[in-house]
Amino acid sequence: RKEVEQDPGPFNVPEGATVAFNCTYSNSASQSFFWYRQDCRKEPKLLMSVYSSGNEDGRFTAQLNRASQYISLLIRDSKLSDSATYLCVVDNQAGTALIFGKGTTLSVSS
Amino acid sequence: SAVISQKPSRDICQRGTSLTIQCQVDSQVTMMFWYRQQPGQSLTLIATANQGSEATYESGFVIDKFPISRPNLTFSTLTVSNMSPEDSSIYLCSVEAGTGTYEQYFGPGTRLTVT
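Keep in mind the model is a prediction, meaning the values are calculated, not measured.

Scoring rules and cut-offs
Residues numbered from 1 in each chain as written. Chains lettered and ligands numbered in written order. Predicted model: local features only at pLDDT ≥ 70, side-chain atom pairs only at ≥ 80, totals over all residues. Heavy atoms only, no water. Phe/Tyr/Trp six-rings, centres within 6.5 Å; stacked < 30°, edge-to-face > 60°. Helix = DSSP H or I, 4+ residues; strand = E, 2+ residues; numbered from the N terminus. Buried < 20%, exposed > 50% of the residue type's maximum accessible area, 1.4 Å probe, protein only. Disulfide = S-S within 2.5 Å.

A. Fine view of the packing of aromatic side chains. The tally for this structure, following the rule as stated, stands at 11 aromatic pairs over all chains. Here Phe21(A) and Tyr86(A) contribute two aromatic rings whose centre-to-centre distance is 5.3 Å and whose plane-to-plane angle is 40 degrees, an arrangement assigned as tilted. Residue Phe21(A) is located in strand S3 (residues 19-25), and its partner Tyr86(A) is located in strand S9 (residues 84-91); the two are separated by 65 residues in the primary sequence. As far as the burial class goes, Phe21(A) and Tyr86(A) line up, both buried. Ring centres of Tyr35(B) and Phe106(B) lie 5.3 Å apart, and the angle between their planes is 55 degrees; this geometry places the pair in the tilted category. Here Phe106(B) lies in strand S10 (residues 104-106) and Tyr35(B) lies in strand S4 (residues 31-37), a separation of 71 residues in the sequence. Each of the two residues, Tyr35(B) as well as Phe106(B), counts as buried.

Put into structure tokens, the structure is as follows:
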């Protein structure tokens, strides 16, 4: 099983749609979880951390299910500018490094 | 957030040569990281560079191939040695957003093509 797995997509949605991305991780000892956004030919940028209680930042909601080792990202009211690759990121067993998923590509069209 | 710059932004190199990539941060940071992102792939950590100590390499990466320097708290270099086409990739440096946090800020990356 890969350390961090994501559906690569692409997800093609119209503006205003709600879209959800899922991610599973293999290391039950992981403590830190993030979603990063990477635009084409750009560096990754932190979108949000993911907390056990779930957290929301505007149109973005992240959820963590430790029992299932599952992380999700929900984007409401999609904008054209949301088009990007979304990377699920988890710390490694030693807590010394970040493990990146391959990313899920989102394309929002008008 | 930290402002990170990398030089060069891109390069095309011949096999067998070496390239040194520089990473400069606008503030002092304890830990700096070097990643590789191969075409169509996600980021893979090469090594962690702490000032004043040897870099810590991840499985599959060795110092002879990827020597790293960390002379002070704002600067690091990664050298890709004896390059082959398989080394064609984007190389990114990153820093921790804060002590004890795993959040990281990334530099813009160096796009390397080896012919």
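Still more ground to cover, so stick around.
B. Summary view of the state of the cysteines. All told, the structure shown has 2 disulfides over all chains when counted by the stated rule. Shown here is the disulfide that connects Cys23(A) with Cys88(A), its sulfur atoms set 2.0 Å apart. The sign of the S-S torsion, about -75 degrees, decides the handedness of the disulfide formed by Cys23(A) and Cys88(A): left-handed. One end of the pair, Cys23(A), is in strand S3; the other, Cys88(A), is in strand S9, with 65 residues separating them in the sequence. Looking at Cys88(A), the relative accessible area reads 0%, which means it is buried. What pairs with Cys23(B) in a disulfide is Cys93(B), and their sulfur atoms sit 2.0 Å apart. Every disulfide takes its handedness from the sign of the S-S torsion; for Cys23(B) and Cys93(B) that torsion is 70 degrees, giving right-handed.

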